[in-house]
Amino acid sequence: MKTAIIAEKPSVAREIAAIVGANHKEDGFMTGNGYMVTYAFGHLIGLAMPEDCGFTGFNREHLPIIPETFMLKPRQVREGKEYKPDAGALKQLKIIKHVFDSCDKIIVATDAGREGELIFRFIYNHLNCNEPFERLWISSLTDKAIKDGLQNLKNGSEYDNLYFAAKARSEADWLVGINASQALSIAAGRGVFSLGRVQTPTLAMVCKRFLENKNFMPVPFWQIRVQTEKANIPFAVVSREKYNSKDTANSIFQKLQGNRLQVQSVEKKEVNQEPPLLYDLTALQKEANQKHGFSADKTLSIAQKLYEAKLITYPRTGSRYISADVFDELPELIESLKQYPRFATYAEGMNNIVLNVRCVDDKKVTDHHALLITEHPPKDLSGEEQTIYEMVASRMLEAFSKKCVKDATTIVCVCGDTLFEAKGAVIKQAGWRAVFNEKEETDEDGTLPEVMQGETLPILKSELLEKQTKPKPLHTEASLLSKMETAGKMVENEAERAAMKESGIGTPATRAAIIETLFSRNYIVREKKSFVPTEKGLTVYETVKDKRIADVALTGSWENTLAQIESGEMQPETFKKTIEIYTRQITTELLNTKISIADENTCICPKCKIGNVRFYPKVAKCSDVNCGLVVFRNKSEKQLSDKQITDLLTTGKTGIIKGFKSKNGKSFDAALKFDADFQVGFEFGNKKK
């Protein structure tokens, strides 16, 4: 009796094969000890594209495309403008079929989550497989985790609802994405445009913030800063009020001269700062971007390598908590860091403390628990791998350390009717902050002198501070990830908001890919660390900003429904009918939309030499509004091609163009040429018209 095991990636298959004793390597699988261990390369099978269903090209008459039954098709790769079967995927599918046919049962070891389940089921269904299967559900690739998981296999049918939810999500994204994208492309009249349930609200976040920032009108205000001292310890107090009038602020400023401050109150209190929660993937990506400039995609890639090297637990997690049984393993993990030079001293000191249990909550652990290191010591890490490993390791030490305790002091002084304030804090117990000995970024001044209520203090120096309100900054990778993660807060419907509470839009595993898609579609670009929408991105946003496809509430309603499918409270067919209705609505809306979107081809403007000439369906014009160069595509009933306009812009004239029509309807041939004022005229060899 033989058992097949299928993993999501070759590296995971090798780890499992070593545990079960399948040590003989074959092409595409390992065998031995009664096991055959094979693997996928992620999504080997996906939903077939419209052309596979007989809908070639973008045609208004075809829309909306709603298949009665979705076809499954092996993964394809793009060659030029066409998609062709992925030879590697076809080969591996053949190997998987051989393995399945050679065995009596299957153990599913794809990633334990919605997408991992979908990867296996699509392969299983595509191969028309009937063998019974069990599920391996683990959050770490350590030997212990794999062995424990193999001892506690679950019946495959227990995950049917998880598959139904994954399949429903996949088909719904296909319906909305394919139809909306084709409808927008048809309405634009040129180019290919992409819309999607997660992609479009994310683009909207970038564009909305950009426009708010661009159109922001700063408002000036003034504050007064006073330098004083007590017992030769200088410190500064700042007026509580922000004055909108400079005259008012200056009047109060003048009254300070030659005066003294009186201490109105002194408040001292002990402040406890709990340690931060463990990382989930999004939190790791945000901090890696803020501190090290890593993109979300890069952080995920590095974390995946560390996971496959058995150094950290499963990175695509959405939870920042661990369960009680995992907490039992923490002393061993902390012990392992005593051999890691950077954390050795701190880890040694944790022997004598009671571990903080703030991150321990079985109810808040989703498919996978928060990111932890494993007991395996790291070796030969690259600089970037070491950075991410140390982030995970240090956060683990911080999360289970004592709280940070500070003595916070607030001094309020008065001069006339004006109140001034100073804040300071002294750390009594560093607690978790001692891992890196990092200081908190605050407005506090640190140590303040001992002052008593009622005593007076000298005004050594005073200054009028002119400030102005600032717009919200442009989105960075970190802030956009935060916005995606907390998008549910913007949803009005309570049930939908609750469904998105733990997920936002996208998943921890897909958010990086969504952001990269916006770059690949030329919807956004990077300017230093900030995200800036292109003209194409802004035009798409303006077209769809009031439609539901750009609203995070769409994802909220989906996640709410998908959760009900997972729990068995709703049938997938009900959800499918709802999506089909919405698909028809959004397709009709977009087809009836009038938009003008510039083509991606641009030339330097020959007139101003500053702007770029952008190509639109009816005109080509300079991007510099002060220039005014315009070339109309229709000239004497002849529609000019992009190449002909490009020739005119780059050389000043075109070749002979056939088929112009005169006012009396006669056909003629001529070249086009710019005159001295960059107006377009005809050239007929030696004759000029």
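Here the structure is shown first, and the text comes after it.
Keep in mind the model is a prediction, meaning the values are calculated, not measured.

Draft legend 1. Region of interest: the environment of lysine 577. Summarising the element assignment, lysine 577 is placed in helix 19 (residues 572-591). Residues lysine 577 and alanine 236, 341 residues apart in the sequence, show an inter-C-alpha distance of 65 Å.

Draft legend 2. Structural detail: the packing of aromatic side chains. By the definition in use, this model includes 20 aromatic pairs. Both rings, one in tyrosine 39 and one in phenylalanine 41, keep their centres 5.6 Å apart while their planes meet at 70°; by these two values the pair is edge-to-face. Note on phenylalanine 519 and phenylalanine 531: the rings are 5.4 Å apart at their centroids and 85° apart in plane angle, and the pair reads as edge-to-face. With phenylalanine 519 in helix 16 (residues 511-520) and phenylalanine 531 in strand 20 (residues 530-533), this pair connects stretches of sequence that are twelve residues apart. Looking at phenylalanine 519, the relative accessible area reads 18%, which means it is buried.

Draft legend 3. Seen up close, the pattern of salt bridges. Scanning the entire structure with this criterion turns up 38 salt bridges. For arginine 121, the salt bridge goes to aspartate 160, with nearest N and O atoms at 2.9 Å. With arginine 121 in helix 3 (residues 114-126) and aspartate 160 in helix 5 (residues 160-188), the pair connects residues that are 39 residues apart, well separated along the chain. With relative accessibility at 6%, the residue arginine 121 sits in the buried group. According to the relative accessible area criterion, aspartate 160 is partly exposed, its value standing at 24%.

Draft legend 4. Examining the environment of proline 85 more closely. In this fold, proline 85 is placed in strand 8 (residues 82-85). Apart from the residues lying within four places of it in its own chain, the contact partners of proline 85 are Arg75, Gln76, Val77 and Leu90.

Draft legend 5. Examining the state of the cysteines more closely. Applying the stated criterion across every chain, the model contains zero disulfides. Considering cysteine sulfurs only, cysteine 627 is the nearest to cysteine 605, which forms no disulfide, with 3.7 Å between them. As a non-bridged cysteine, cysteine 622 has cysteine 608 as the owner of its nearest cysteine sulfur, 3.7 Å distant.

Draft legend 6. Highlighting the sheet that holds strand 4 (residues 35-39). On the basis of which strands lie adjacent, the open sheet formed by seven strands has the order 2-3-4-1-9-10-11 and mixed pairing. Looking at the sheet topology across the chains shown, the edges are occupied by strand 2 (24-26) and strand 11 (154-155). Both strand 3 (residues 29-32) and strand 4 contribute to a ladder of four bridges, which runs antiparallel. Residue pairing in the sheet places methionine 30 in a bridge with valine 37 of strand 4. This element, helix 2 (residues 87-101), spans strand 1 (3-7), strand 3, strand 4 and strand 9 (105-109) of the sheet and lies at about 160° to strand 4.

Draft legend 7. Representation of the pairing of strand 29 (residues 680-684). Examined bridge by bridge, strand 28 (residues 667-674) and strand 29 share four bridges and lie antiparallel to one another. Following the sheet pairing, alanine 671 is matched in strand 29 by glutamate 683. Counting the residues that bridge the hairpin from strand 28 to strand 29 gives five residues, and of these phenylalanine 678 lies at a positive phi of roughly 60°.

Draft legend 8. Expanded view of the nonpolar core. Phe100, Ile106 and Ile123 are the most contacted members of the largest nonpolar core, which totals 87 residues. No other element matches helix 5, which puts 15 residues into this core. Beyond its immediate stretch of four places on either side in the chain, isoleucine 106 contacts Ala4, Ile6, Phe100, Phe120, Tyr124, Cys129, Glu131, Pro132, Phe133 and Glu134. By size, the runner-up hydrophobic cluster in this structure holds 60 residues, among which are Ala22, Ile138, Ile322 and Val326.

Draft legend 9. Summary view of the packing of helix 6 (residues 199-214) against helix 17 (residues 535-544). At a minimum axis separation of 9 Å, helix 6 and helix 17 run at an interaxial angle of 105°. Classified by the angle their axes make, helix 6 and helix 17 are roughly perpendicular. The segment helix 6 lies against helix 17, with Thr200, Leu203, Ala204, Cys207, Lys208, Phe210 and Leu211 engaging Gly537, Leu538, Val540, Tyr541, Glu542 and Val544. Residues of the contact of helix 6 with helix 17, tallied by class, amount to nine nonpolar, two polar and two charged.

Draft legend 10. Quick look at unusual backbone geometry. Omega for the bond connecting leucine 63 with proline 64 falls within 30 degrees of zero, at -5°, which places this linkage in the cis form. Checked against the element boundaries, proline 64 lands in the loop between strand 5 (45-47) and strand 6 (72-74). The phi angle at lysine 310 is positive, at roughly 70°, despite the residue not being glycine. Its location among the elements puts lysine 310 in the loop between helix 9 (296-308) and helix 10 (324-327). With relative accessibility at 15%, the residue lysine 310 sits in the buried group. Even without being a glycine, lysine 609 presents a positive backbone phi close to 60°. By secondary structure assignment, the location of lysine 609 is in the loop between strand 21 (599-604) and strand 22 (612-615). For lysine 609, a relative accessible area of 60% translates into the label exposed.

Draft legend 11. Region of interest: the sheet that holds strand 12 (residues 220-230). An order of 17-14-15-16-13-12-18 is seen for the seven strands of this open sheet, with the pairing classed as antiparallel. A strand with exactly one partner marks an edge of an open sheet, and here the two such strands are strand 17 (456-458) and strand 18 (461-468). For this sheet the average axis-to-axis angle between neighbouring strands, irrespective of direction, equals 35°. Pairing of strand 14 (residues 260-273) with strand 15 (residues 404-415) involves eleven bridges; the strand directions are antiparallel. Bridging from a neighbouring strand, serine 265 pairs with valine 412 of strand 15. The sheet strands contacting helix 7 (residues 246-256) are strand 12, strand 15, strand 16 (418-429) and strand 18, and the helix crosses strand 12 at an angle near 15°.

Reading the values: the criteria
- Residues numbered from 1 in each chain as written.
- Predicted model: local features only at pLDDT ≥ 70, side-chain atom pairs only at ≥ 80, totals over all residues.
- Heavy atoms only, no water.
- Helix = DSSP H or I, 4+ residues; strand = E, 2+ residues; numbered from the N terminus.
- Phe/Tyr/Trp six-rings, centres within 6.5 Å; stacked < 30°, edge-to-face > 60°.
- Buried < 20%, exposed > 50% of the residue type's maximum accessible area, 1.4 Å probe, protein only.
- Salt bridge = Lys/Arg side-chain N within 4 Å of Asp/Glu carboxyl O.
- Contact = heavy atoms within 4.5 Å.
- Disulfide = S-S within 2.5 Å.
- Pairing = 2+ DSSP bridges.
- Axes fitted to C-alpha atoms, helices over the stretch in contact; angles between N-to-C directions.
- Core = buried A, V, L, I, M, F, W, Y, C linked by side-chain atoms within 4.5 Å.
- Parallel < 35°, antiparallel > 145°, perpendicular 65-115°, else oblique.
- Nonpolar A, V, L, I, M, F, W, Y, C, P; charged D, E, K, R; others polar.

Nothing here speaks to function; it is geometry throughout.
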